[in-house]
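Structure at a glance
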Amino acid sequence: MENMATRTQTAQRPNGSAQGKICQFKLVLLGESAVGKSSLVLRFVKGQFHEYQESTIGAAFLTQTVCLDDTTVKFEIWDTAGQERYHSLAPMYYRGAQAAIVVYDITNQDTFGRAKTWVKELQRQASPNIVIALAGNKQDLANKRMVEFEEAQNYADENTLLFMETSAKTAMNVNDIFLAIAKKLPRNEQASGASASGQGRRLAEGDTGARAAGSCCK
Amino acid sequence: MEDNCEGCMELFSQDGVLLKQAHSYYIQYFNESGTLYITEYANTKDRFIEWKPNSVTVHSDSHDSEWSFVNAIYRGEQMSPQPPDSKPKYIKLDMNQVRSFKVSKKNDTMTFFDGKGEILCHFFFQHGNCFSLFAALKGLLKTTVSKRDKNIHIIVDETLQLNKSFATLDLFQDSQSASIVWGFVRSFQEKPVETAFGAFAKIGNTIGNNFMPSSSPQPIEEEVITNDVKEYERGVESSDGASPKDYEIIHSSPELPSRLQYPRGNPLSYDQWTALQDSEGRIEDVEYTKLHIFRGGIAPSLRKVVWKYMLDFYPWNSSNADRKTILGKKEQDYYDMKLQWKTLKPWQLQNFVQLRDRLSLVEKDVTRTDRTLPFYAGDNNKNLQAMSDILMTYVMHNFDLGYVQGMSDLLSPILYLLQNEVDAFWCFAGFMERVCTNFDADQAGMKTQLSNLYILLKFSNPTLASYLDNQESGNMFFCFRWLLVLFKREFELHDVFRLWEVVWTNHPCNNFHLLISIAILEKQQSEFIGEEMGFNEILKHVNDLSGKLDVNDILDNAEGLYYQIRESSQLTNEVRQILGLPLIAESSPKDDSTDSIENELMANVDKAYENGLHTSYF
Ligand SMILES: Nc1nc2c(ncn2[C@@H]2O[C@H](COP(=O)(O)OP(=O)(O)O)[C@@H](O)[C@H]2O)c(=O)[nH]1
Ligand SMILES: [Mg+2]
């Protein structure tokens, strides 16, 4: 596990097409159980939503590629099990991550408290430059809201977090939050960091263009 | 016999002999009556114990090709690598494999052991007793009565002379003969003390695996050992003989004997189940029952009944009357516990955060467990309500453990099958007893499982293990889900039933589910390596196997793998421990080493009895 950080460092490759640079980032989702982590990923990666999305056991790994100006950004997404009992596994997944989305459920105050704990843990133990986004999910259930938008926004501002309310169900702000993260990630710096480590990841030629067309490259 | 066995002489025969136990391949013949023979082949002078069920007649020309399965297993690659496709016609046990036998107190059963903790065959003598067989064996073999159990007769090998200078270690008091062990002892005794000690430790290792005479035909493993000893001796001659290198060769990388296929048997049927019970409804032969289930599972309509035994709802030896009482008590206990949380007033719950948290965890998972199954689909589903009530009551039943993610996956198939809240609760609780360490707060149980999995993989498939290691996947975390919920997420429901009941039998070894994991991983090896998958890709690939696996094929291979590992000449105690095989003393001081040989042999016999299929017969 020690090497995971270096191994998954951002790689920058000219791929011979007009797209220019390719960046690869490791992103991890954290947050209390059932706040909608898996649903957000499923929405972002496959454009789907399952009312009865089964709980995540262990962890899941997915990838999605988005285009940003002249750069192709490939997200390597780790979706984790949220229950406190599995907390001890989390460091394995956020170690070496360049970005994290900490999710809470706007209809459940406890999950917001739990989100703050995750943020603290990341600030203390994850990579120092990690980009953290806070997602107040299940925005479609705003009539049952228990966490006020302003409260979360203030907290995010104090901690310099990206913040959005999202809904995996309606897709509101889902792509947006991933894109906002991609924009905030220091693409050039990361790229040089990767070459310094000499561990850039191989990208299959066909891998980049095809998937990019799906979600954000118009 | 004579008419179907060319060049073979019948030394003894007795009819009315029931087969009580043998390799599970012969399960169809268990409890069947047949004839027992001792035969000798003219050309090789090899002797066999043979048993033929009355229901089968053997044709003369097929005799030689009909290698019995017992032999196929123990002889590794020498014999046909596949057991016959057709059903085995009879048992043929090479006498060289028998290390000891036991006569029951009533003289009505005889059990043959392999010296490695396995029962080779166990016979019951319907007519009278086993005296004549015993006399015949005494006439053919040199035996000595075990110091521990006067009913056990240890077979003394006559092919090697006991070296007198080691006779202080008097294992075989009444005999000048000894097993191959003494051959080793003699070779080493003149060597420097230090070397002899080391070598002796290594021999200690080999005894359990190859406690066999050196007369032909030799099992393949034994040839390996013999060669190793030659290597060793050559080393000793050409140098000072004290270099550890000279005997370290015994521990080269483990090469497993070739894989045999173990096709699944027929499921336990309603009639068979009825026949297994005595007049009062007690299951007479529990191990036999489990063995049958291990081989073929349980007929779907019967699962509802048998799972209650498998999951400790009813004891196997309970009578019909006992079960009525037990059921009444379990119902009462369940509803008592259920009332405890159901009757809490809102303000009580408000001030009881630990309980409230637990109940809310249950609620979160119940609503997303197997909702695609019609049984759990739709709003206000009563089965979903039952699932929730069971899990909440389980929180009261075991408050410290509470509810942990994954438990609803373990409950769902049980409730689906039993369709009764009380039954499902107690069967779930019984299942949890077996797997509760998976849910340890510090993950200690899962860590142990993952590391045991790695140890077994490294032993059986070093190539794959080292590949995974190089990809930072030696922690086996990509198997976390498999092990946490025992493959529940990997198969469709009926395959889960099948796999679980097989694992619950605890046959053919402990931790069989780890061998199942390896059987699945092996199949992915070429993709892992060929596509140069790393940690991320491996986890994704493994998660994506869900729904694509063939349960029967995997069970066949896992069982085959078990025998490969067990028969490996390099088997380590670490591996033995995980599989629950008898341990071998790795290094024993000189003065009590022979005692340890008998100790070991006896421990193996005891083990065989623990594993054994019988407690009382008739
Ligand atoms: N109404 C609503 N339900 C959601 C939303 N996101 C997730 N869910 C539901 O919340 C439950 C838990 O979602 P899941 O993604 O499994 O949460 P996780 O445990 O954090 O991965 C599931 O039943 C989802 O259908 C959302 O945006 N709106
Ligand atoms: Mg999830």
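Owing to the predicted nature of the structure, the values given are computational and were not obtained by experimental measurement.

Re the coordination of the magnesium ion (ligand 2)
All names here are of chain A. Protein-derived ligands of the magnesium ion (ligand 2) are Ser38 (OG) and Thr56 (OG1), with the metal-ligand distances lying across 2.1 Å. A residue pair is termed long-range when its members are at least 10 positions apart, and Ser38 in helix H2 (residues 37-46) and Thr56 in the loop between H2 and strand S2 (59-68) qualify at 18 residues. You'll find Ser38 and Thr56 in the same group, each marked buried.

Quick look at the site of ligand 1
Lining the immediate surroundings of ligand 1 are 20 residues, of which Ala34, Lys37, Ser39, Glu51 and Asp140 of chain A lie closest. At ligand 1, the nearby residues belong to more than one chain, namely chains A and B. Between ligand 1 and Val35 of chain A, the relevant distance is 3.3 Å, taken from an oxygen atom to a main-chain nitrogen or oxygen of the residue. At 2.6 Å, a backbone N or O of Glu51 of chain A approaches an oxygen atom of ligand 1.

Some remarks on the packing of helix H10 (residues 320-342) of chain B against helix H13 (residues 382-397) of chain B
Residue and element names in this part refer to chain B. At a minimum axis distance of 9 Å, the contact between H10 and H13 shows a crossing angle of 90°. Judged on the interaxial angle alone, H13 and H10 are roughly perpendicular. Facing H10, whose interface residues are Tyr334, Met337, Lys338, Gln340, Trp341 and Lys342, H13 presents Gln385, Asp389, Ile390, Met392, Thr393, Met396 and His397.

Structural notes on the packing of H10 of chain B against helix H15 (residues 421-435) of chain B
Residues and elements named next belong to chain B. The interhelical angle for the contact between H10 and H15, taken along N-to-C directions, is 90°, at an axis separation of 10 Å. When the axis of H10 is compared with that of H15, the two are roughly perpendicular. For the pair formed by H10 and H15, the contact residues are Leu327, Lys330, Glu331, Asp333, Tyr334, Tyr335, Met337 and Lys338 on the first element and Glu421, Val422, Asp423, Phe425 and Trp426 on the second. Residue classes in the contact of H10 with H15 are distributed as seven nonpolar, no polar and six charged.

Description of the confidence of the model for chain A
Residues and elements named next belong to chain A. Predicted confidence across chain A gives a mean pLDDT of 82, with 77% of residues reaching 70 or more. Here residues 1-19 scores under 50 on pLDDT; set against residues more than four positions off or in separate chains, the count is 64 contacts. Of the regions scoring below 50 in pLDDT, residues 189-218 engages in 52 contacts with residues more than four places distant in sequence or in other chains.

Digging into unusual backbone geometry
All names here are of chain B. With an omega of -10°, the peptide bond running from His507 to Pro508 counts as cis. Among the structural elements, Pro508 can be located in the loop between helix H19 (493-504) and helix H20 (512-530). Look at Gln419: it is not a glycine, yet its phi comes out positive at around 50°. Residue placement: Gln419 occurs in the loop between helix H14 (407-418) and H15. Its identity as a non-glycine residue notwithstanding, Glu532 has a phi of 50°, on the positive side.

Digging into the pairing of strand S8 (residues 142-145) of chain B
Residues in a regular strand project their side chains so that they alternate between the two faces of the sheet. Residues and elements named next belong to chain B. Relative to strand S9 (residues 152-156), S8 runs antiparallel, the two being bridged by four bridges. Each residue of the ladder has a partner; that of Val145, found in S9, is His153. The antiparallel hairpin formed by S8 and S9 contains six residues in its connecting segment.

Digging into the sheet that holds strand S2 (residues 33-41) of chain B
Residues and elements named next belong to chain B. What the nine strands build is an open sheet, ordered S4-S3-S2-S1-S7-S6-S5-S9-S8; its pairing is antiparallel. Two strands lie at the open edges of the sheet, namely strand S4 (91-94) and S8, each paired on one side alone. When the angles between neighbouring strand axes are averaged without regard to direction, this sheet yields 30°. Judged from the seven bridges that link them, S2 and strand S3 (residues 47-53) form a sheet pairing that is antiparallel. Along S3, the bridge assignment pairs Ile38 with Ile49. Contacts between helix H2 (residues 131-140) and the sheet are confined to strand S1 (8-21), S2, S3, strand S5 (100-103), strand S6 (109-113), strand S7 (119-125), S8 and S9, with S1 contributing the most and set at about 135° to the helix.

Here's the deal with the confidence of the model for chain B
Note that predicted coordinates carrying low pLDDT should not be read in detail. Residue and element names in this part refer to chain B. Chain-level pLDDT for chain B is 78 on average; 72% of the residues reach the 70-or-more range. A low-confidence stretch, residues 159-253 (pLDDT under 50), is modelled with 164 contacts involving residues beyond four sequence positions or located in other chains. The ipTM, which scores confidence in the relative placement of chains, is 0.82 for this predicted complex, and the corresponding pTM is 0.69.

Remarks on the interface of chain A and chain B
On the side of chain B, 34 residues touch chain A, which itself brings 32 residues to the contact. Carbon and sulfur atoms supply 52% of the area buried between chain A and chain B, which totals about 3100 Å² over both sides. The largest per-residue losses of area from chain A upon contact with chain B belong to Tyr52, Ile57 and Arg85 of chain A, which jointly make up 25% of the total buried on that side. Between chain A and chain B we count two salt bridges in total.

Description of the pattern of salt bridges
Enumeration according to the criterion identifies 29 salt bridges over all chains in this entry. For Lys308 of chain B, the salt bridge is made with Asp423 of chain B, and the minimal N-O distance between the two is 3.1 Å. Within this pair, whereas Lys308 of chain B is found in helix H9 (residues 300-310), its partner Asp423 of chain B is found in helix H15, the two being separated by 115 residues in sequence. Asp423 of chain B shares its class with Lys308 of chain B; the two are buried. Taken together, the shared-partner salt bridges in this structure form one network comprising Glu54 of chain A together with Asp370, Asp409, Lys488 and Arg489 of chain B.

Regarding the packing of aromatic side chains
All names here are of chain B. With the rule as written, the count across this model stands at 41 aromatic pairs over all chains. Taking 6.5 Å as the distance between ring centres and 65° as the angle between the ring planes, the aromatic pair formed by Phe487 and Phe491 counts as edge-to-face. For the pair Phe487 and Phe491, a shared accessibility class is recorded, and that class is buried. Taken together, the aromatic side chains of Trp307, Phe375, Tyr376, Tyr416, Phe431, Phe497, Trp500 and Trp504 make up a single cluster linked through ring pairs. Sitting above the plane of the Phe313 ring, Lys308 keeps its charged end 5.9 Å from the centroid. Seen from the ring of Phe399, Arg358 lies directly overhead, with NZ or CZ sitting 4.1 Å from the centre.

Description of the sheet that holds strand S3 (residues 71-80) of chain A
The pairing of strands in a sheet happens through backbone hydrogen bonds and is either parallel or antiparallel. Residue and element names in this part refer to chain A. Ordered in space as S2-S3-S1-S4-S5-S6, the six strands form an open sheet in which the pairing is mixed. Either end of the sheet is taken by a strand with one partner, and the two such strands are S2 and strand S6 (162-165). Going across the sheet, the axis of each strand differs from the next one's by a mean of 25°, ignoring polarity. Bridge analysis of strand S4 (residues 99-105) against strand S5 (residues 131-137) gives seven bridges, and the strand direction is parallel. Residue pairing for S5: Tyr104 is matched across the bridge by Gly136. Across the sheet, helix H4 (residues 109-125) lies against strand S1 (21-30), S4 and S5, angled at about 165° from S4, the strand it touches most. In the packing of helix H5 (residues 149-158) onto the sheet, the strands contacted are S4, S5 and S6, and the crossing angle to S6 comes to about 165°.

The rules behind the values
- Residues numbered from 1 in each chain as written.
- Chains lettered and ligands numbered in written order.
- Predicted model: local features only at pLDDT ≥ 70, side-chain atom pairs only at ≥ 80, totals over all residues.
- Heavy atoms only, no water.
- Donors = N, O, S within 2.8 Å, 3.2 Å for Na, K, Ca; no water.
- Helix = DSSP H or I, 4+ residues; strand = E, 2+ residues; numbered from the N terminus.
- Buried < 20%, exposed > 50% of the residue type's maximum accessible area, 1.4 Å probe, protein only.
- Near = heavy atom within 4 Å.
- Polar contact = N/O pair within 3.5 Å; in protein donor to acceptor, adjacent residues only side chain to side chain.
- Axes fitted to C-alpha atoms, helices over the stretch in contact; angles between N-to-C directions.
- Parallel < 35°, antiparallel > 145°, perpendicular 65-115°, else oblique.
- Contact = heavy atoms within 4.5 Å.
- Nonpolar A, V, L, I, M, F, W, Y, C, P; charged D, E, K, R; others polar.
- pLDDT = per-residue confidence, 0-100.
- Pairing = 2+ DSSP bridges.
- Buried area = accessible area lost by both parts, 1.4 Å probe.
- Salt bridge = Lys/Arg side-chain N within 4 Å of Asp/Glu carboxyl O.
- Phe/Tyr/Trp six-rings, centres within 6.5 Å; stacked < 30°, edge-to-face > 60°.
- Lys NZ or Arg CZ within 6 Å of the ring centre and 35° of its normal.

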